[in-house]
Amino acid sequence: MVQKDAVMDRQTEMVEQAIERGRRDIEGRVVVVTGGARGIGGAIADALLKAGAKVVAADKTWDGADEFRQQLESSGHGMAVEMDVTSDAQIDSAYASVTERFGTTDVLVNSAALVSETLFAPTGHVKTLDTKDSDWETMFKVNVFGVVKTIRRFIQPMLEKGSGSIINVVSSGVLPISGGGGYFGLRPFTVEMPYQATKAAVMALTFYLGDEVRGQGVALNAIMPGHTRASWFDATARAYMEQGQVYAFLRPVVPEHVVPILLFLSAQDARGVTGMLYSVPDWNYDHGYGNYAAWQDHSMPEDLEQIYSNFEKAMASMARPSLGLQTPAMRLF
(Lines give C-alpha, C1' and ligand atoms only; values in the text may rest on other atoms or scores of the structure.)
Protein backbone atom coordinates (compact mmCIF):
# COMPACT_ATOMS: atom_id res chain seq x y z
CA MET A 1 0.00 0.00 0.00
CA VAL A 2 0.98 3.62 -0.51
CA GLN A 3 3.04 5.14 2.30
CA LYS A 4 1.04 8.34 2.66
CA ASP A 5 3.58 10.33 4.66
CA ALA A 6 6.33 9.44 2.20
CA VAL A 7 4.18 10.55 -0.76
CA MET A 8 3.29 13.84 0.90
CA ASP A 9 6.92 14.49 1.87
CA ARG A 10 8.00 13.81 -1.71
CA GLN A 11 5.37 16.25 -3.00
CA THR A 12 6.76 18.94 -0.71
CA GLU A 13 10.28 18.17 -1.91
CA MET A 14 9.27 18.43 -5.59
CA VAL A 15 7.56 21.78 -5.04
CA GLU A 16 10.57 23.13 -3.16
CA GLN A 17 12.89 21.83 -5.86
CA ALA A 18 10.84 23.56 -8.58
CA ILE A 19 10.83 26.82 -6.61
CA GLU A 20 14.60 26.79 -6.18
CA ARG A 21 15.16 25.92 -9.83
CA GLY A 22 12.87 28.72 -10.95
CA ARG A 23 13.96 31.39 -8.49
CA ARG A 24 16.66 32.92 -10.69
CA ASP A 25 14.23 33.55 -13.55
CA ILE A 26 11.15 34.36 -11.45
CA GLU A 27 12.51 36.61 -8.72
CA GLY A 28 11.27 40.18 -9.06
CA ARG A 29 8.75 39.43 -11.81
CA VAL A 30 5.26 40.88 -11.32
CA VAL A 31 2.74 38.05 -11.67
CA VAL A 32 -1.05 38.37 -11.68
CA VAL A 33 -2.99 35.17 -10.90
CA THR A 34 -6.77 35.16 -11.35
CA GLY A 35 -8.69 32.77 -9.14
CA GLY A 36 -5.72 33.16 -6.83
CA ALA A 37 -7.39 32.86 -3.43
CA ARG A 38 -7.69 29.08 -3.32
CA GLY A 39 -7.34 25.81 -5.25
CA ILE A 40 -5.00 25.69 -8.24
CA GLY A 41 -4.75 29.48 -8.40
CA GLY A 42 -3.85 29.67 -4.72
CA ALA A 43 -1.14 27.01 -5.10
CA ILE A 44 0.31 28.92 -8.05
CA ALA A 45 0.29 32.26 -6.24
CA ASP A 46 1.87 30.75 -3.11
CA ALA A 47 4.70 29.08 -5.06
CA LEU A 48 5.45 32.20 -7.08
CA LEU A 49 5.58 34.24 -3.88
CA LYS A 50 8.07 31.78 -2.39
CA ALA A 51 10.14 31.98 -5.59
CA GLY A 52 10.54 35.71 -5.06
CA ALA A 53 7.97 37.05 -7.52
CA LYS A 54 5.79 40.06 -6.79
CA VAL A 55 2.43 38.33 -6.71
CA VAL A 56 -1.04 39.73 -7.22
CA ALA A 57 -3.68 37.13 -6.38
CA ALA A 58 -7.03 38.27 -7.77
CA ASP A 59 -10.29 36.57 -6.90
CA LYS A 60 -14.02 37.28 -6.89
CA THR A 61 -14.17 36.56 -3.17
CA TRP A 62 -11.67 36.04 -0.38
CA ASP A 63 -14.16 34.41 1.98
CA GLY A 64 -12.42 31.58 3.80
CA ALA A 65 -9.00 32.62 2.48
CA ASP A 66 -8.10 35.19 5.13
CA GLU A 67 -4.91 33.38 6.17
CA PHE A 68 -3.50 33.39 2.62
CA ARG A 69 -4.57 37.01 2.15
CA GLN A 70 -2.61 37.93 5.28
CA GLN A 71 0.39 35.95 4.05
CA LEU A 72 0.39 37.87 0.77
CA GLU A 73 -0.03 41.28 2.28
CA SER A 74 2.53 40.76 5.06
CA SER A 75 5.17 39.46 2.63
CA GLY A 76 6.02 42.94 1.37
CA HIS A 77 5.76 41.81 -2.25
CA GLY A 78 2.24 40.45 -2.54
CA MET A 79 -1.25 41.81 -3.09
CA ALA A 80 -4.70 40.31 -2.65
CA VAL A 81 -7.36 42.02 -4.74
CA GLU A 82 -11.04 41.42 -5.28
CA MET A 83 -11.70 41.08 -9.00
CA ASP A 84 -14.64 39.52 -10.80
CA VAL A 85 -13.38 38.65 -14.29
CA THR A 86 -16.83 39.40 -15.73
CA SER A 87 -16.72 43.01 -14.51
CA ASP A 88 -14.93 45.58 -16.67
CA ALA A 89 -14.91 48.04 -13.78
CA GLN A 90 -13.31 45.59 -11.36
CA ILE A 91 -10.68 44.49 -13.88
CA ASP A 92 -9.84 48.13 -14.62
CA SER A 93 -9.59 48.86 -10.90
CA ALA A 94 -7.33 45.85 -10.31
CA TYR A 95 -5.12 46.79 -13.25
CA ALA A 96 -4.77 50.34 -11.92
CA SER A 97 -3.88 49.02 -8.44
CA VAL A 98 -1.24 46.63 -9.79
CA THR A 99 0.31 49.34 -11.96
CA GLU A 100 0.36 51.82 -9.10
CA ARG A 101 1.96 49.32 -6.71
CA PHE A 102 4.40 47.47 -8.97
CA GLY A 103 4.59 49.59 -12.13
CA THR A 104 4.06 46.75 -14.60
CA THR A 105 2.90 43.19 -15.20
CA ASP A 106 5.31 40.52 -16.43
CA VAL A 107 3.16 37.39 -16.15
CA LEU A 108 -0.59 36.72 -16.23
CA VAL A 109 -2.04 33.37 -15.15
CA ASN A 110 -5.70 32.90 -16.07
CA SER A 111 -6.81 30.35 -13.49
CA ALA A 112 -10.25 31.74 -12.57
CA ALA A 113 -13.05 29.60 -13.97
CA LEU A 114 -16.54 28.32 -13.41
CA VAL A 115 -16.72 24.51 -13.50
CA SER A 116 -19.62 22.16 -14.11
CA GLU A 117 -19.55 21.06 -10.48
CA THR A 118 -20.41 24.59 -9.32
CA LEU A 119 -22.75 25.58 -12.14
CA PHE A 120 -24.66 22.31 -11.76
CA ALA A 121 -23.87 21.62 -8.11
CA PRO A 122 -23.12 19.25 -6.62
CA THR A 123 -22.60 16.45 -9.16
CA GLY A 124 -21.84 18.69 -12.14
CA HIS A 125 -23.46 16.61 -14.87
CA VAL A 126 -26.38 17.80 -16.99
CA LYS A 127 -26.99 16.42 -20.47
CA THR A 128 -26.29 18.96 -23.17
CA LEU A 129 -29.87 19.13 -24.45
CA ASP A 130 -31.08 19.70 -20.89
CA THR A 131 -28.91 22.78 -20.41
CA LYS A 132 -30.40 26.25 -20.80
CA ASP A 133 -29.17 29.20 -22.83
CA SER A 134 -28.46 30.95 -19.54
CA ASP A 135 -26.10 28.12 -18.52
CA TRP A 136 -24.03 28.67 -21.65
CA GLU A 137 -24.12 32.44 -21.26
CA THR A 138 -23.00 32.22 -17.63
CA MET A 139 -20.18 29.79 -18.37
CA PHE A 140 -18.87 31.69 -21.40
CA LYS A 141 -19.08 35.00 -19.54
CA VAL A 142 -16.61 33.74 -16.94
CA ASN A 143 -14.43 31.21 -18.76
CA VAL A 144 -14.03 32.87 -22.16
CA PHE A 145 -14.95 36.55 -22.03
CA GLY A 146 -13.37 36.83 -18.58
CA VAL A 147 -10.09 35.52 -19.97
CA VAL A 148 -10.21 37.84 -22.98
CA LYS A 149 -11.08 40.88 -20.84
CA THR A 150 -8.26 40.18 -18.39
CA ILE A 151 -5.70 39.62 -21.15
CA ARG A 152 -6.69 42.87 -22.88
CA ARG A 153 -5.69 44.87 -19.80
CA PHE A 154 -2.69 43.06 -18.41
CA ILE A 155 -0.97 42.38 -21.73
CA GLN A 156 -0.48 46.09 -22.34
CA PRO A 157 2.72 46.56 -20.30
CA MET A 158 4.09 43.34 -21.79
CA LEU A 159 3.56 44.66 -25.31
CA GLU A 160 5.10 48.01 -24.40
CA LYS A 161 8.35 46.47 -23.17
CA GLY A 162 8.36 43.57 -25.65
CA SER A 163 8.43 40.81 -23.06
CA GLY A 164 5.98 38.79 -20.98
CA SER A 165 4.17 35.52 -20.43
CA ILE A 166 0.50 34.58 -20.32
CA ILE A 167 -0.64 31.15 -19.15
CA ASN A 168 -4.18 29.88 -19.60
CA VAL A 169 -5.67 26.90 -17.77
CA VAL A 170 -7.81 24.55 -19.87
CA SER A 171 -8.94 20.91 -19.61
CA SER A 172 -7.86 17.64 -21.18
CA GLY A 173 -11.51 17.16 -22.12
CA VAL A 174 -10.95 19.48 -25.10
CA LEU A 175 -8.59 17.06 -26.80
CA PRO A 176 -9.50 15.15 -29.96
CA ILE A 177 -7.81 11.84 -30.70
CA SER A 178 -7.28 10.45 -34.19
CA GLY A 179 -8.11 6.93 -35.25
CA GLY A 180 -8.91 5.41 -38.61
CA GLY A 181 -8.52 8.73 -40.39
CA GLY A 182 -11.04 10.54 -38.21
CA TYR A 183 -11.01 12.27 -34.83
CA PHE A 184 -13.03 11.59 -31.70
CA GLY A 185 -13.17 13.19 -28.27
CA LEU A 186 -10.88 12.11 -25.45
CA ARG A 187 -13.67 11.70 -22.90
CA PRO A 188 -17.10 12.99 -23.93
CA PHE A 189 -18.68 10.43 -21.59
CA THR A 190 -17.95 12.82 -18.69
CA VAL A 191 -20.91 15.01 -19.80
CA GLU A 192 -19.37 18.47 -19.35
CA MET A 193 -21.18 20.94 -21.54
CA PRO A 194 -20.92 23.90 -21.72
CA TYR A 195 -17.72 23.77 -19.63
CA GLN A 196 -15.64 21.91 -22.22
CA ALA A 197 -16.91 24.22 -24.97
CA THR A 198 -15.50 27.18 -23.03
CA LYS A 199 -12.17 25.46 -22.49
CA ALA A 200 -11.94 24.56 -26.17
CA ALA A 201 -12.44 28.25 -26.94
CA VAL A 202 -9.61 29.22 -24.58
CA MET A 203 -7.36 26.59 -26.16
CA ALA A 204 -8.02 28.08 -29.61
CA LEU A 205 -7.46 31.58 -28.21
CA THR A 206 -4.08 30.46 -26.89
CA PHE A 207 -2.95 29.24 -30.30
CA TYR A 208 -4.27 32.15 -32.36
CA LEU A 209 -3.51 35.08 -30.05
CA GLY A 210 -0.18 33.45 -29.23
CA ASP A 211 0.82 33.67 -32.87
CA GLU A 212 -0.35 37.29 -33.09
CA VAL A 213 1.73 38.54 -30.15
CA ARG A 214 4.77 36.32 -30.70
CA GLY A 215 6.45 39.06 -32.73
CA GLN A 216 5.86 41.55 -29.89
CA GLY A 217 7.74 39.45 -27.39
CA VAL A 218 4.87 37.90 -25.43
CA ALA A 219 4.61 34.15 -24.85
CA LEU A 220 1.15 32.60 -24.64
CA ASN A 221 0.74 29.00 -23.50
CA ALA A 222 -1.90 26.78 -21.93
CA ILE A 223 -1.82 23.93 -19.44
CA MET A 224 -4.17 21.02 -18.74
CA PRO A 225 -4.00 20.04 -15.05
CA GLY A 226 -4.80 16.57 -13.84
CA HIS A 227 -7.92 15.57 -11.94
CA THR A 228 -7.41 17.99 -9.06
CA ARG A 229 -8.85 18.34 -5.58
CA ALA A 230 -9.94 21.94 -6.08
CA SER A 231 -12.10 23.99 -3.70
CA TRP A 232 -15.37 22.40 -4.89
CA PHE A 233 -14.11 18.80 -4.92
CA ASP A 234 -15.14 17.55 -1.49
CA ALA A 235 -18.81 18.53 -1.85
CA THR A 236 -19.02 16.80 -5.23
CA ALA A 237 -17.24 13.66 -4.03
CA ARG A 238 -19.64 13.41 -1.07
CA ALA A 239 -22.65 13.78 -3.36
CA TYR A 240 -21.41 10.81 -5.38
CA MET A 241 -20.66 8.88 -2.21
CA GLU A 242 -24.27 9.30 -1.10
CA GLN A 243 -25.27 7.65 -4.39
CA GLY A 244 -22.90 4.75 -3.71
CA GLN A 245 -20.39 5.91 -6.33
CA VAL A 246 -16.75 7.00 -6.39
CA TYR A 247 -16.37 10.39 -8.03
CA ALA A 248 -14.29 10.07 -11.22
CA PHE A 249 -13.06 6.60 -10.12
CA LEU A 250 -9.67 8.18 -9.46
CA ARG A 251 -8.01 9.76 -6.42
CA PRO A 252 -7.41 13.43 -7.25
CA VAL A 253 -4.03 15.11 -7.32
CA VAL A 254 -3.07 18.06 -5.12
CA PRO A 255 -3.26 21.56 -6.66
CA GLU A 256 0.51 21.92 -6.20
CA HIS A 257 1.17 19.49 -9.06
CA VAL A 258 0.93 22.46 -11.46
CA VAL A 259 3.72 24.38 -9.71
CA PRO A 260 6.75 23.05 -11.66
CA ILE A 261 5.37 23.83 -15.11
CA LEU A 262 3.90 27.17 -13.98
CA LEU A 263 7.28 28.32 -12.75
CA PHE A 264 8.82 27.23 -16.04
CA LEU A 265 6.23 29.01 -18.19
CA SER A 266 6.27 32.14 -16.01
CA ALA A 267 9.92 32.58 -16.96
CA GLN A 268 9.18 32.56 -20.71
CA ASP A 269 8.74 35.23 -23.31
CA ALA A 270 8.35 34.85 -27.08
CA ARG A 271 12.05 33.98 -27.43
CA GLY A 272 11.35 30.82 -25.49
CA VAL A 273 8.33 28.52 -25.38
CA THR A 274 5.12 29.94 -26.82
CA GLY A 275 1.95 28.81 -28.57
CA MET A 276 1.97 25.46 -26.75
CA LEU A 277 -0.57 23.33 -24.88
CA TYR A 278 0.80 21.08 -22.15
CA SER A 279 -0.57 18.15 -20.17
CA VAL A 280 0.68 18.80 -16.62
CA PRO A 281 1.02 15.11 -15.61
CA ASP A 282 3.00 14.32 -18.76
CA TRP A 283 5.22 17.40 -18.40
CA ASN A 284 5.95 16.55 -14.77
CA TYR A 285 6.91 12.99 -15.68
CA ASP A 286 9.15 14.10 -18.54
CA HIS A 287 10.98 16.64 -16.34
CA GLY A 288 11.61 14.49 -13.28
CA TYR A 289 8.65 15.56 -11.14
CA GLY A 290 7.01 12.18 -10.77
CA ASN A 291 4.05 10.44 -12.37
CA TYR A 292 0.37 11.00 -11.63
CA ALA A 293 0.39 8.79 -8.54
CA ALA A 294 3.23 10.82 -7.04
CA TRP A 295 0.94 13.84 -6.78
CA GLN A 296 -2.25 12.18 -5.57
CA ASP A 297 -3.93 13.69 -2.52
CA HIS A 298 -3.57 11.68 0.68
CA SER A 299 -4.80 14.43 3.00
CA MET A 300 -8.53 14.14 2.34
CA PRO A 301 -11.11 14.04 5.15
CA GLU A 302 -11.60 10.59 6.67
CA ASP A 303 -14.87 9.81 4.87
CA LEU A 304 -13.43 10.58 1.43
CA GLU A 305 -10.13 8.92 2.21
CA GLN A 306 -11.97 5.73 3.10
CA ILE A 307 -13.94 5.53 -0.12
CA TYR A 308 -10.89 6.16 -2.35
CA SER A 309 -8.73 3.74 -0.36
CA ASN A 310 -11.34 1.00 -0.66
CA PHE A 311 -11.70 1.60 -4.38
CA GLU A 312 -7.92 1.49 -4.90
CA LYS A 313 -7.65 -1.80 -3.01
CA ALA A 314 -10.32 -3.30 -5.23
CA MET A 315 -8.64 -2.02 -8.40
CA ALA A 316 -5.19 -3.20 -7.31
CA SER A 317 -6.47 -6.74 -6.80
CA MET A 318 -7.63 -6.80 -10.42
CA ALA A 319 -4.61 -5.05 -11.93
CA ARG A 320 -2.55 -6.58 -14.71
CA PRO A 321 0.73 -5.33 -16.22
CA SER A 322 -1.15 -4.06 -19.26
CA LEU A 323 -3.61 -2.03 -17.21
CA GLY A 324 -3.18 1.65 -16.48
CA LEU A 325 -3.69 4.87 -18.34
CA GLN A 326 -2.22 5.65 -21.72
CA THR A 327 1.12 7.17 -20.78
CA PRO A 328 3.79 6.35 -18.20
CA ALA A 329 3.04 9.70 -16.55
CA MET A 330 -0.52 8.63 -15.81
CA ARG A 331 0.15 4.99 -14.91
CA LEU A 332 -1.12 4.03 -11.46
CA PHE A 333 -0.80 0.25 -11.20
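This text goes with the structure placed above it.
Described below are features of the structure shown in this document. Residue indices follow the written sequence of each chain, beginning from 1 at its first position. Where local features are concerned, this predicted model is filtered to residues with pLDDT of at least 70; where side-chain atom pairs are given and counted, the filter is 80 or more; whole-chain, interface and lining totals use all residues. Each side-chain value is worked out from all heavy atoms of the structure, with water and hydrogens disregarded.

Some remarks on the side chain of H257
Okay, step 1: Strands are runs of DSSP state E lasting at least 2 residues, helices are runs of H or I lasting at least 4, and numbering of each runs from the N terminus. Here H257 shows up in the loop between α9 (233-242) and α10 (259-266).
Okay, step 2: Classification of H257 by relative accessible area gives buried; the value is 2%.
Okay, step 3: Within the structure, the side chain of H257 is placed 2.9 Å from the backbone oxygen of V254, a separation counted as a polar contact.
Okay, step 4: Not counting residues within four places of it along the chain, the set of residues in contact with H257 comprises P225, G226, T228, V280, N284 and W295. Burial status follows relative accessibility: with a 1.4 Å probe on protein chains alone, a residue under 20% of its type maximum counts as buried, one over 50% as exposed, and anything between as partly exposed. In protein, a polar contact requires one atom able to donate a hydrogen and another able to accept it; more generally it is a pair of N or O atoms within 3.5 Å, and residues adjacent in sequence count only if both atoms are side-chain atoms. Every residue pair with non-hydrogen atoms within 4.5 Å of one another is taken to be in contact.

What about the environment of L265?
Okay, step 1: With respect to the helices, strands and loops of the structure, L265 is situated in helix α10.
Okay, step 2: Between the alpha carbons of L265 and I26 there is a distance of 9.9 Å; along the sequence they are 239 residues apart.
Okay, step 3: Non-local contacts of L265, meaning those with residues more than four positions away in its chain, are made with S165, I167, N221, I223, V273 and Y278.

Things to note about the pattern of salt bridges
Okay, step 1: By definition, a salt bridge exists where a carboxyl oxygen of Asp or Glu is found within 4 Å of a side-chain nitrogen of Lys or Arg. Under the criterion given, the structure shown has 21 salt bridges.
Okay, step 2: The shortest N-O distance in the salt bridge between E13 and R10 comes to 3.5 Å. Separated by three residues within a single helix, E13 and R10 lie in helix α1 (residues 4-26), roughly one turn from each other.
Okay, step 3: Residue classification places E13 among the partly exposed residues on the basis of a relative accessible area of 43%.

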